[in-house]
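Residue strings, one per chain:
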Amino acid sequence: MDKKNILLVEDDFLNRRYTKKILIENGYNVLESKNAIETMALLKTHTPDLIILDIHLGETDKNGINLAQNIKELFNIPFLFLTAYSATDVVEKAIATLPQSYITKPFKNIDLITAVELAIRQSNNQEKRKPVVLIKEGGFNIELLVDEIDYIESDGNYLLIYTQEKVYKSRFTIKQILETLPAATFVQTHRAYIVNKNRIEKYSTKNVIVNNKEIPVSKNYIDDIKVFEKMRNLYT
Amino acid sequence: MLLSELQHRVKNNLQHVISILEIQKESVDFNNIDELIRGNQNRIHSMALLHKKLNISENVNEVDLPKYISELSELVKDSYDNHTKKIQLNVKCEIDKIALEKALPIGLIIVELVSNSMKYAFLSRSIGIINILLSTNHDTTENTFYYTDNGEGFDFNAIVNKGLGIEIIKGLISQLDGKYETSNSKGFEFMIYFK
């Protein structure tokens with residue numbers, strides 16, 4: 001079986017060297033990084049199976065929790081926290097990013113290794129079950145892969161769901177479907193439009209272009225889009 | 001200081017101790033038990049002293065660097081000093097305060113360098129001299145860590161497989177986002193530049 005690649009983000013050299021040693025002894029390949037900038041640069045060229053994040057990353061302005069949010073937005077890579085923090089406010093913020101696990105230092109080797117192994121296996125399972133949205137069309141249920149959706153347009157009592165191949169018509173409201181779609185992938189640009197972020201070809205403050213179609217951007221939603229675009233420009 | 005912050009630091013330090021002990025395991029073949037224990041005691045002392053020199057009264061994250069490095073280097077020197085020859089340790093630190101995050105790697109680097117000098121540098125010298133100087137360039141705000149001994153010197157860049165000291169020093173310099181230079185022209189000379 002191929003060795004799994006783990007990216008270890010830890011600012012402290014001795015702790016990083018130790019954790020790396022434990023991971024290597026248990027059959028993993030280890031990539032290393034000591035802050036958010038190095039991590040984002042590394043993720044441009046590498047796709048590890050799992051990322052282990054320390055929360056305190058030296059004097060840098062970005063901590064492990066901010067970094068986890070960026071990783072979630074831009075890459076579909078599972079991560080877990082390995083940190084000495086156990087204060088409730090920090091733990092709550094960390095848990096809000098939905099890590100695979102939260103391990104506190106000093107850690108027992110077996111706890112780290114089992115958490116790593118479980119995280120990798122669980123994410124393998126999830127890949128097989130890609131996210132779908134259940135829509136009804138002409139009396140039939142259809143499980144539509146959300147990856148295939150370019151954008152969604154509201155049309156009176158119906159939604160028009162545009163994919164590369166065809167347009168599905170479904171009796172949903174914009175609000176209902178937005179709740180079922182992954183927030184990391186879809187953004188509402190207008191009262192009547194939801195767009196798959198990964199399909200945006202061009203954008204201005206007034207429009208985004210998806211599949212050669214001009215989709216309006218209204219002022220009420222511009223902040224959501226800006227956050228995404230800013231991050232994309234920074235890291236890609 | 002908040003209790004939660006204190007707990008965080010204690011747990012972090014315990015992790016450090018575990019890390020140091022495990023890493024040291026790799027060098028058991030090259031060292032006797034006395035040396036292994038002494039090395040680890042010194043590394044743990046470097047952390048304990050760090051907290052003594054931390055300014056907790058004003059709730060800031062700053063360390064009294066002159067006191068920290070003079071006491072630490074003295075302590076490491078004494079742990080090896082068998083008083084069969086005179087060892088002169090000169091420490092000068094022009095940086096009054098520094099963040100805990102920087103002081104920790106600096107302390108560990110001092111432990112490694114002083115240990116190394118005490119173990120190997122003065123074998124053929126009648127007097128041993130160690131100089132440590134920390135200064136700041138006020139125009140560039142760059143800090144310089146300058147270390148010399150009057151021993152025979154050694155090639156820092158040729159990886160020595162013993163005791164892991166050099167690998168640890170290099171890793172700690174990277175943690176400081178620093179650069180280093182080394183020379184053997186008059187004893188062992190070592191410079192680290194960091195912000």
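Conventions and cut-offs
- Residues numbered from 1 in each chain as written.
- Chains lettered and ligands numbered in written order.
- Predicted model: local features only at pLDDT ≥ 70, side-chain atom pairs only at ≥ 80, totals over all residues.
- Helix = DSSP H or I, 4+ residues; strand = E, 2+ residues; numbered from the N terminus.
- Buried ≥ 20, exposed ≤ 12 C-beta atoms within 10 Å, placed from the backbone.
- Contact = placed C-beta atoms within 7 Å.
- Rg over C-alpha atoms; globule rule 2.2 N^0.38 Å.
- Axes fitted to C-alpha atoms, helices over the stretch in contact; angles between N-to-C directions.
- Parallel < 35°, antiparallel > 145°, perpendicular 65-115°, else oblique.
- Left-handed = near helix turned anticlockwise from the far one by under 90°.
- Arc of directions from axis to C-beta.
- Pairing = 2+ DSSP bridges.
- Nonpolar A, V, L, I, M, F, W, Y, C, P; charged D, E, K, R; others polar.
- Domains from an automatic or database assignment.
- Core = buried A, V, L, I, M, F, W, Y, C linked by C-beta atoms within 7 Å.

What follows covers the overall build of chain A. Of the regular secondary structure elements, chain A holds seven helices and 15 strands. When its C-alpha atoms are laid out on the principal axes, chain A stretches across 60 × 40 × 35 Å. With 236 residues in all, chain A has 32% of them scored as buried. A separation of at least 24 residues holds for 49% of the contacts in chain A among residues at least 6 apart in sequence.

Another point: the overall build of chain B. Along the backbone of chain B there are five helices and seven strands. When the elements of chain B are put in sequence order from the N terminus, they spell out α-α-β-α-β-β-α-β-β-α-β-β. Taken over C-alpha atoms, the radius of gyration comes to 17 Å for chain B, in line with the 16 Å a tight globule of 195 residues would show. Among the 195 residues that make up chain B, the fraction classed as buried is 33%. A sequence separation of at least 24 residues applies to 69% of the contacts in chain B between residues at least 6 apart.

This paragraph deals with the packing of helix 2 (residues 33–52) of chain B against helix 4 (residues 100–121) of chain B. Residues and elements named next belong to chain B. Two numbers describe how helix 2 lies on helix 4: the axes approach to 10 Å, and their chain directions differ by 150°. Taken together, the axes of helix 2 and helix 4 lie roughly antiparallel to each other. Seen from above, helix 2 lies across helix 4 with right-handed handedness. Residue-level inspection shows Gly 39, Asn 42, Arg 43, Ser 46 and Leu 50 of helix 2 in contact with helix 4, the latter providing Ala 103, Leu 104, Gly 107, Leu 108, Val 111 and Ser 115.

Glancing now at helix 2 (residues 36–45) of chain A. All names here are of chain A. The set of residues buried in helix 2 consists of Ala 36, Thr 39, Met 40 and Leu 43. One face of helix 2 carries all of its buried residues, which in axial projection span an arc of 95°. Exposed residues lying more than 90 degrees from the buried face of helix 2 are Ala 41, Lys 44 and Thr 45.

This part takes up the sheet that holds strand 12 (residues 193–196) of chain A. What links the strands of a sheet is backbone hydrogen bonding, and the strands pair in either a parallel or an antiparallel sense. Residue and element names in this part refer to chain A. Taking strand neighbours across the sheet as the criterion, the five strands line up as 10-9-8-12-11 in an open arrangement whose pairing is antiparallel. Edge positions in the sheet fall to strand 10 (167–170) and strand 11 (186–190), since each of these pairs with one other strand and no more. Between one strand and the next, the sheet's axes are offset by a mean angle of 20°, whatever the strand orientation. Where strand 8 (residues 149–155) and strand 9 (residues 158–163) come together, six bridges link them in antiparallel fashion. Opposite Tyr 151, over in strand 9, you have Tyr 162 as the bridge partner.

Residues and elements named next belong to chain B. The N-to-C vectors of helix 2 and helix 3 (residues 65–80) enclose an angle of 160°; their axes lie 10 Å apart at closest approach. Comparing their axes, helix 3 and helix 2 come out roughly antiparallel. Here the hand of the crossing between helix 2 and helix 3 comes out right-handed. In this structure, helix 2 uses Arg 38, Asn 42, His 45, Ser 46, Leu 49 and Leu 50 to contact helix 3, whose residues at the interface are Tyr 68, Glu 71, Leu 72, Leu 75, Val 76 and Ser 79. Across the contact of helix 2 with helix 3, the residue classes tally to six nonpolar, four polar and two charged.

According to the domain assignment, chain A contains domain 1 (5–128) and domain 2 (132–235). Each of domain 1 of chain A and domain 2 of chain A has a C-alpha centre, and the two are 31 Å apart.

Another aspect to go through is the interface of chain A and chain B. The interface of chain A with chain B comprises 18 residues on the first partner and 19 residues on the second. Top contributing element to the side of chain A that touches chain B by residue count: helix 1 (residues 13–25) of chain A, with six residues. Here the side of chain A that touches chain B is built from residues that sort into seven nonpolar, four polar and seven charged.

Quick look at the sheet that holds strand 3 (residues 50–53) of chain A now. Residue and element names in this part refer to chain A. Reading across from one edge, 2-1-3-4-5 is the order of the five strands in this open sheet, with parallel pairing throughout. A strand with exactly one partner marks an edge of an open sheet, and here the two such strands are strand 2 (29–33) and strand 5 (102–104). The sheet shows a mean angle of 20° between the axes of neighbouring strands, direction not considered. In terms of strand pairing, strand 1 (residues 5–9) meets strand 3 through four bridges, oriented parallel. Opposite Leu 8, over in strand 3, you have Ile 52 as the bridge partner. Its contacts with the sheet put helix 2 on strand 1 and strand 2, and the angle it makes with strand 2 is roughly 135°.

Glancing now at the pairing of strand 13 (residues 200–203) of chain A. Residue and element names in this part refer to chain A. As paired elements, strand 13 and strand 14 (residues 207–210) share three bridges and run antiparallel to each other. Its bridge partner being in strand 14, Lys 202 is matched across the sheet by Ile 209. The turn joining strand 13 and strand 14, which pair antiparallel and follow one another in sequence, is formed by three residues.

Moving on to the nonpolar core. Residues Ala 103, Ile 110 and Leu 172 of chain B are the most contacted members of the largest nonpolar core, which totals 39 residues. Broken down by secondary-structure element, the contributors of at least two residues to this core are helix 1 of chain A together with helix 3, strand 2 (86–93), helix 4, strand 4 (127–137), strand 5 (142–149), helix 5 (165–175) and strand 7 (188–194) of chain B. The biggest single contributor to this core is helix 4 of chain B, with 11 residues. Apart from residues no more than four positions distant in its own chain, Ala 103 of chain B is found in contact with Leu 50, Val 63, Leu 65, Tyr 68 and Ile 98 of chain B. Among the nonpolar cores identified, the runner-up in size contains 32 residues, and Ala 68, Phe 81, Ala 94 and Val 116 of chain A belong to it.

Bringing the pairing of strand 7 of chain B into the picture now. All names here are of chain B. Examined bridge by bridge, strand 5 and strand 7 share seven bridges and lie antiparallel to one another. Along strand 7, the bridge assignment pairs Tyr 147 with Phe 190. Strand direction decides the pairing type here: strand 6 (residues 179–183) and strand 7, joined by five bridges, are antiparallel. Within strand 7, the residue paired with Lys 179 across the bridge is Tyr 193. Between strand 6 and the antiparallel strand that follows it, strand 7, lie four residues; Gly 187 among them carries a positive phi value of about 70°.

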